[in-house]
2 protein chains.
Amino acid sequence: MYLCPMYSSELVKGTLKTIVLRLLTEHKEMYGYEITQRVKELTGGKIQITEGALYPSLHALEKDGLLTTETMNIGKRVRKYYSLSKEGKNKAAEKITELSDFLNTMRFLLDLKPAQG
Amino acid sequence: MYLCPMYSSELVKGTLKTIVLRLLTEHKEMYGYEITQRVKELTGGKIQITEGALYPSLHALEKDGLLTTETMNIGKRVRKYYSLSKEGKNKAAEKITELSDFLNTMRFLLDLKPAQG
DNA sequence: CAAAGATACATAAGGAGCTTATGTATGTCA
DNA sequence: TGACATACATAAGCTCCTTATGTATCTTTG
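Residues numbered from 1 in each chain as written. Chains lettered and ligands numbered in written order. Predicted model: local features only at pLDDT ≥ 70, side-chain atom pairs only at ≥ 80, totals over all residues. Heavy atoms only, no water.

Caption draft 1: Main features of the interface of chain B and chain A. Each partner contributes to the interface: chain B provides 38 residues, whereas chain A provides 39 residues. Of all residues in chain B, B:Leu11, B:Phe102 and B:Leu110 give up the largest surface area on contact with chain A, accounting jointly for 17% of the area buried on that side. Summed over the shared surface of chain B and chain A, the number is four salt bridges. A salt bridge links B:Glu10 to A:Lys95, with the nearest nitrogen and oxygen atoms 3.6 Å apart. Sorting the residues of the side of chain B that touches chain A by element identifies α1 (9–12), α2 (16–26), α3 (32–42) and α5 (86–111) of chain B as the ones contributing at least two each. Among the elements that take part in the side of chain B that touches chain A, α5(B) stands out by supplying 16 residues, more than any other. (Contact = heavy atoms within 4.5 Å. Buried area = accessible area lost by both parts, 1.4 Å probe. Salt bridge = Lys/Arg side-chain N within 4 Å of Asp/Glu carboxyl O. Helix = DSSP H or I, 4+ residues; strand = E, 2+ residues; numbered from the N terminus.)

And the structure:
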């Protein structure tokens, strides 16, 4: 039985920040755990962002001024909501364009026929 | 003026071996330098494989039994031609399928509309 | 004909971005 | 009450790449 294998980690490597920025262009604010769940849900479990990867990335994006944060108390627990700054919106658009272009290029390479190469 | 910027290296990271295996499914044998030139040509310079990345990868693929080599003398120079082994053909098909699936998933994430997320 | 650049291989130090492991704490369900 | 989910965080270590360096031959051009 074939159940939702994850992609090899080296393949997903490098796309994390773009995925985060992409999600935040559609959702005004999201918190870390929510992002991991959303991606898992949207990809049928094929991409599962680990917390060890996500939190340092979020911190880096915030440090770079691309994300702003707002802390909320949910009961006795703390949630840290992230939103795109103005600069973040620009960067998001840029990274999304680059990734989209990259996907096209890789698709082209995969679909090559001998006659073309 | 906007001339063929390369993709950020972290984006391309992880796709090198699959690209090599892919090219070798269309060309019975290729040598290292040829691979770098072919990829550069096919991608309009957007992916430029460095020799520091390629040669160790080729050696690893050979060590794993996926590639076989044949050394040829061109004048006084040596060329090392790489071909897919039987195992390499299977692995190539596997990696290509995975990458293709991954491209679809990433495309889906990029094309999300608010109503869907 | 000498210098520059292309062809062709190779290896090694170092960095970025992950994985894996660990830690803390609260909420929920059987 | 013990397991699992929610929710944050950090650190050691790994992989794959970049950057730098090395060797050598072939070709083009001033």
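Caption draft 2: Inspection of the protein's contact with DNA strand C at higher detail. Close contacts around DNA strand C come from 26 residues, with A:Arg77, B:Tyr31, B:Tyr33, B:Arg77 and B:Arg79 the closest. When the atoms of DNA strand C within 4 Å of the protein are sorted by group, sugar and phosphate make up 68%. One of the backbone nitrogen or oxygen atoms of B:Gly32 is found 3.3 Å away from a phosphate oxygen of DNA strand C. A distance of 2.4 Å is found between a phosphate oxygen of DNA strand C and a side-chain nitrogen or oxygen belonging to B:Arg79. Elements with a minimum of two residues in the surface near DNA strand C: α4 (51–63) of chain A together with α3, α4 (51–63) and β3 (77–84) of chain B. Ranked by residue count, the leading element in the surface near DNA strand C is α4(B), at five residues. Class assignment of the residues belonging to the surface near DNA strand C gives a composition of seven nonpolar, ten polar and nine charged. (Near = heavy atom within 4 Å. Polar contact = N/O pair within 3.5 Å; in protein donor to acceptor, adjacent residues only side chain to side chain. Nonpolar A, V, L, I, M, F, W, Y, C, P; charged D, E, K, R; others polar.)

Caption draft 3: Expanded view of the relation of the copies chain B and chain A. Of the two same-sequence chains, chain B is brought onto chain A (RMSD 0.1 Å, axial shift 0.0 Å) by a rotation of 180°. Overall, the copies show the geometry of a two-fold rotation axis. For chain B, the smallest separation between a C-alpha atom and the rotation axis is recorded for B:Leu103, amounting to 3.0 Å. Of the interface residues in chain B, 100% have counterparts in chain A that sit at the interface too, so the contact is made through matching surfaces. (Least-squares fit on C-alpha atoms with pLDDT ≥ 70 in both.)

Caption draft 4: Structural context of the side chain of A:Thr18. On the secondary structure map, A:Thr18 appears in helix α2 (residues 16–26). If we skip the residues at most four places from it in the chain, A:Thr18 touches A:Lys95, A:Ile96 and A:Leu99.

Caption draft 5: Structural detail: empty space enclosed by the protein. Under the criterion given, the structure shown has one cavity of 30 Å³ or more. A volume near 40 Å³ is recorded for the largest cavity. In this structure, the largest cavity is lined by A:Ile19, A:Arg22, A:Leu23, A:Leu99, B:Met106, B:Leu109 and B:Leu110. Secondary-structure elements contributing two or more residues to the lining of the largest cavity are α2 of chain A together with α5 of chain B. (1 Å grid on protein atoms, 1.4 Å probe; cavity = no way out; pocket = protein on both sides within 12 Å on 5 of 7 lines; lining within 4 Å. Points joined across faces, edges and corners; volume = space filled by probe spheres on them.)

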